[in-house]
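Summary of structural features
So the chains spell out like this:
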Amino acid sequence: MKSNIYILLAINSLCVIISKLEAASIADGTNAISLSPTVLTALFDEARTNNSGLRVTEARVHVSRLGTETVRQWDDPRFTLGGVLSGPRRGRIEEDGDLIYGVDQKLPLWNRPRLSRDILVAETQTQATEAAFREAQLRRDLTKALLRIALMHRTTSFITNDLAWLDTLIAVGEERFRAGTGSHTDLLQIQNEKSKRTDAFRTEQNRLRTEHAALNRMLGRELHAPWPAVEMPRLAPPVAYTAALAAYAATNEPRLKVLRQEKAQAEAVTRLTETMRRPDVSFGIQGRQYSGDAGFREGTFLVSLNLPWLNAPKYRADLRRDEAKVRTVEAEMTDYELSVREEILRLTFATDAAHREAVLYRDEIQQRAQQAIASLLIMWEANRGSLRDILDARRSLLDSQLMQDRAIVEQHQSFVELAALCDLPDYFQLGRLLVQLASQPPHLHNAPAAPPK
């Protein structure tokens, strides 16, 4: 009689643990941090200061900016000095002078100094845009890393509860075996299941440490710096595709901004190349002096220029090459803009698919799995059911919990990708952007919109 009471109590404990598994999908530990604009802004600021990759891009921008100060309006003048050696028949060297000296200065024609500086300015702006693009990528990767860590914390929480479930089931199996109503085979199956779960728990902990190390590296921290648990975000409504959203992304996507700046830089190079077909003109002054009495004899004014017309086909080839580079960047921009619009479509569908999947597991599959476990436990206690069926049903419940949370994380990761394509500070700004775009008149859907405030 006491054995039967103990078994019933143990089965009741199993049901309580099942309810804990369900509750684990709503809240984690009280010390966990939650994803919010304040938390993300603080982490972004830390990454902007300490991330080694961003420091490299900032250094490149600084070097490029210093390069704009190196352009010379006037080339350095060239000084020449020579002499005349007389032979046996000296001629009139005293009258002509035997010392020759002069200064030659290249003239800054055809706006070449300004065009050269325009190239360096465009290069600096390209480097700055590239740095902004890298920063946007870092914001995206950091947020997605936090979401993965939240899912791993949830997974370890599930496995911990599952191990407690198995400990209680082992106690029930041992009591049934001592009472003569259970089999030793059932007990061994439960113990094997616990061993596999214990190994899975260690594997998940190692994966969590790896994600912590990756996150610490992005933030410039020591790789093994500790991290608190991260709370799972809640399921959110899906984002619907609109032409206004695609147009906004096609205007503000960070990589597209880099390509536009590369085009401006290529156009600046083309403008300078166009002037290379024109001659370089120099102005010079030359004087002659006699060394015997240091008397000045004569002075000469000179204008010199090269003859670029002999190499005109080569200069035209240079120009065609640079113009082809501009067209190449334009084609790349067109192709990438289409891919951005396609990615917006894919991500909006992904938010809807993840939402439907999470609701399916939450409202249908988990409910049925819990009912199956409760029924199978009663049948097993009465020796009318199989332990394997209980373990399979319990595994199905755990998998449904994990699939629900994976769907939620995938949905929020799609939000993060959408925010990155729209160059938003964080994905919490996405809702404001959608409201702002929805309020625009239809004829402005293809026009750039201001960032959400």
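Here, every reference points to the structure presented above.
A few points on the structure. Quick caveat, the model's predicted, so the values are computed rather than measured. Position numbers for residues count from 1 along each chain, tracking the sequence in the order it is written. In view of the model being predicted, local features appear only for residues whose pLDDT reaches at least 70, and side-chain atom pairs are presented and counted only at 80 or more, with totals across whole chains, interfaces and linings using the full set of residues. Side-chain metrics rest on all non-hydrogen atoms present in the structure, leaving aside hydrogens and water.

1. Let's talk about the overall build of the protein chain
This is how the line gets drawn: Helix numbers and strand numbers start at the N terminus; a helix is a DSSP run of H or I with at least 4 residues, a strand a run of E with at least 2. With a 1.4 Å probe rolled over the protein chains alone, any residue whose accessible area is under 20% of its type maximum counts as buried; one over 50% counts as exposed, and the rest are partly exposed. Note on contacts: a residue pair is in contact if any heavy atoms of the two residues lie within 4.5 Å.
Counting secondary structure elements, the protein chain contains eleven helices and four strands. By residue count, 40% of the 453 residues in the protein chain fall in the buried class. Partitioning the contacts of the protein chain with sequence separation of at least 6, the portion at a separation of at least 24 is 81%.

2. Considering the packing of helix 5 (residues 112–179) against helix 10 (residues 387–421)
The relative placement of two packed helices comes down to the angle between their axes together with the axis-to-axis distance. As a reminder, the rule being used: Interaxial angles span 0 to 180 degrees and are taken between N-to-C directions of axes, which are lines fitted to C-alpha atoms, for helices over the stretch in contact. Roughly parallel refers to an angle under 35 degrees, roughly antiparallel to one over 145, roughly perpendicular to one between 65 and 115, and oblique to any angle outside these ranges. When residue character is reported, Ala, Val, Leu, Ile, Met, Phe, Trp, Tyr, Cys and Pro are called nonpolar, Asp, Glu, Lys and Arg charged, and the others, Gly included, polar.
Where helix 5 meets helix 10, the axes come as close as 10 Å, and the angle between the chain directions of the two elements is 170 degrees. Judged by the angle between their axes, helix 5 and helix 10 are roughly antiparallel. Split into classes, the residues belonging to the contact of helix 5 with helix 10 amount to 14 nonpolar, five polar and nine charged.

3. Details of the nonpolar core
The condition that has to hold: Nine residue types can take part in a nonpolar core, namely buried Ala, Val, Leu, Ile, Met, Phe, Trp, Tyr and Cys, and a core is a set of them joined through side-chain atoms within 4.5 Å.
With 51 residues, the main nonpolar core has Leu-142, Leu-146, Leu-215, Tyr-427 and Leu-433 as its most contacted residues. Contributions of two or more residues to this core are made by helix 2 (37–50), helix 5, helix 6 (184–219), helix 7 (243–252), helix 8 (254–275), helix 9 (312–381), helix 10 and helix 11 (430–438). The biggest single contributor to this core is helix 5, with nine residues. Those residues in contact with Leu-146 that lie beyond four places of it in its chain are Leu-35, Leu-40, Leu-43, Leu-215, Trp-227 and Val-230. If you look at the next biggest cluster of nonpolar residues, it comprises 17 residues, including Ile-190, Trp-380, Leu-387 and Ile-390.

4. Considerations on the packing of helix 7 against helix 9
Our working definition: Here a crossing is called left-handed whenever its near helix is offset anticlockwise from the far helix by less than a right angle, and right-handed whenever the offset is clockwise.
For the pair helix 7 and helix 9, the least separation of the axes is 9 Å and the interaxial angle reads 135 degrees. When the interaxial angle is binned, helix 7 and helix 9 end up oblique. Crossing angle aside, the handedness with which helix 7 passes helix 9 is right-handed. Of the residues in helix 9, those touching helix 7 at Leu-245, Ala-246, Ala-247, Ala-249 and Ala-250 are Glu-337, Val-340, Arg-341, Ile-344 and Thr-348.

5. Section: the pattern of salt bridges
Condition: Only one rule defines a salt bridge in this text: a Lys or Arg side-chain nitrogen within 4 Å of an Asp or Glu carboxyl oxygen.
Tallying each qualifying case throughout the model produces 33 salt bridges. With a closest N to O distance of 3.2 Å, Asp-405 and Arg-154 form a salt bridge. One end of the pair, Asp-405, is in helix 10; the other, Arg-154, is in helix 5, with 251 residues separating them in the sequence. When its relative accessible area of 0% is taken as the criterion, Asp-405 is described as buried. Each of Asp-162, Glu-193, Lys-196, Arg-197, Asp-392, Arg-394 and Arg-395 takes part in one network of salt bridges that share partners.

6. Thoughts on a nonpolar patch on the surface
Threshold: To count toward a patch, a residue needs a relative accessible area over 30% and no salt bridge; like charges are then connected within 9 Å, while nonpolar side chains (Val, Leu, Ile, Met, Phe, Trp, Tyr) are connected within 5 Å. Exposure was quantified through the Shrake-Rupley algorithm and a 1.4 Å probe, taking into account, for residues, occlusion by the shown protein chains and nothing else.
A surface patch of nonpolar side chains, about 430 Å² in accessible area, is lined by Phe-283, Ile-285, Phe-301 and Val-303. Those elements that place two or more of their residues in the nonpolar patch are strand 3 (281–290) and strand 4 (295–305). Counting through the fold element by element, Ile-285 comes out in strand 3. Given a relative accessible area of 45%, Ile-285 falls into the partly exposed group.

7. As for the sheet that holds strand 4
Adjacent strands of a sheet pair through backbone hydrogen bonds, lying either parallel or antiparallel. Our working rule: The pairing criterion for strands is at least two bridges between them, as found by DSSP.
The strand order across the open sheet formed by four strands is 1-2-3-4, and the pairing between neighbours is antiparallel. The sheet terminates laterally at strand 1 (78–83) and strand 4, the two strands that pair on one side only. The average angle at which neighbouring strand axes cross in this sheet is 15 degrees, direction not considered. Two elements, strand 1 and strand 2 (residues 99–106), share six bridges in a ladder whose sense is antiparallel. When the bridges of strand 2 are listed, Leu-81 appears paired with Tyr-101.

8. Quick notes on helix 5
What counts here: To estimate how far a helix should reach, multiply one less than its number of residues by 1.5 Å.
Look at helix 5: 99 Å from first C-alpha to last across 68 residues, which is about the 100 Å you get at 1.5 Å a residue. Gly-180 occupies a position one or two residues after helix 5 and carries a positive phi of about 80 degrees.

9. Quick word on unusual backbone geometry
For Trp-110, which is not a glycine, the phi torsion comes out positive at approximately 65 degrees. You can see Trp-110 is positioned in the loop between strand 2 and helix 5. Here Trp-110 falls in the partly exposed class, since its relative accessible area comes to 33%.

10. Some words on the side chain of Arg-394
As for its placement among the helices and strands, Arg-394 is situated in helix 10. Residue Arg-394 is classed as buried on the basis of its relative accessible area, which comes to 0%. Once you skip the residues sitting within four places of it in the chain, Arg-394 turns out to touch Asp-162, Trp-165, Leu-166, Glu-193, Arg-197 and Ile-373.

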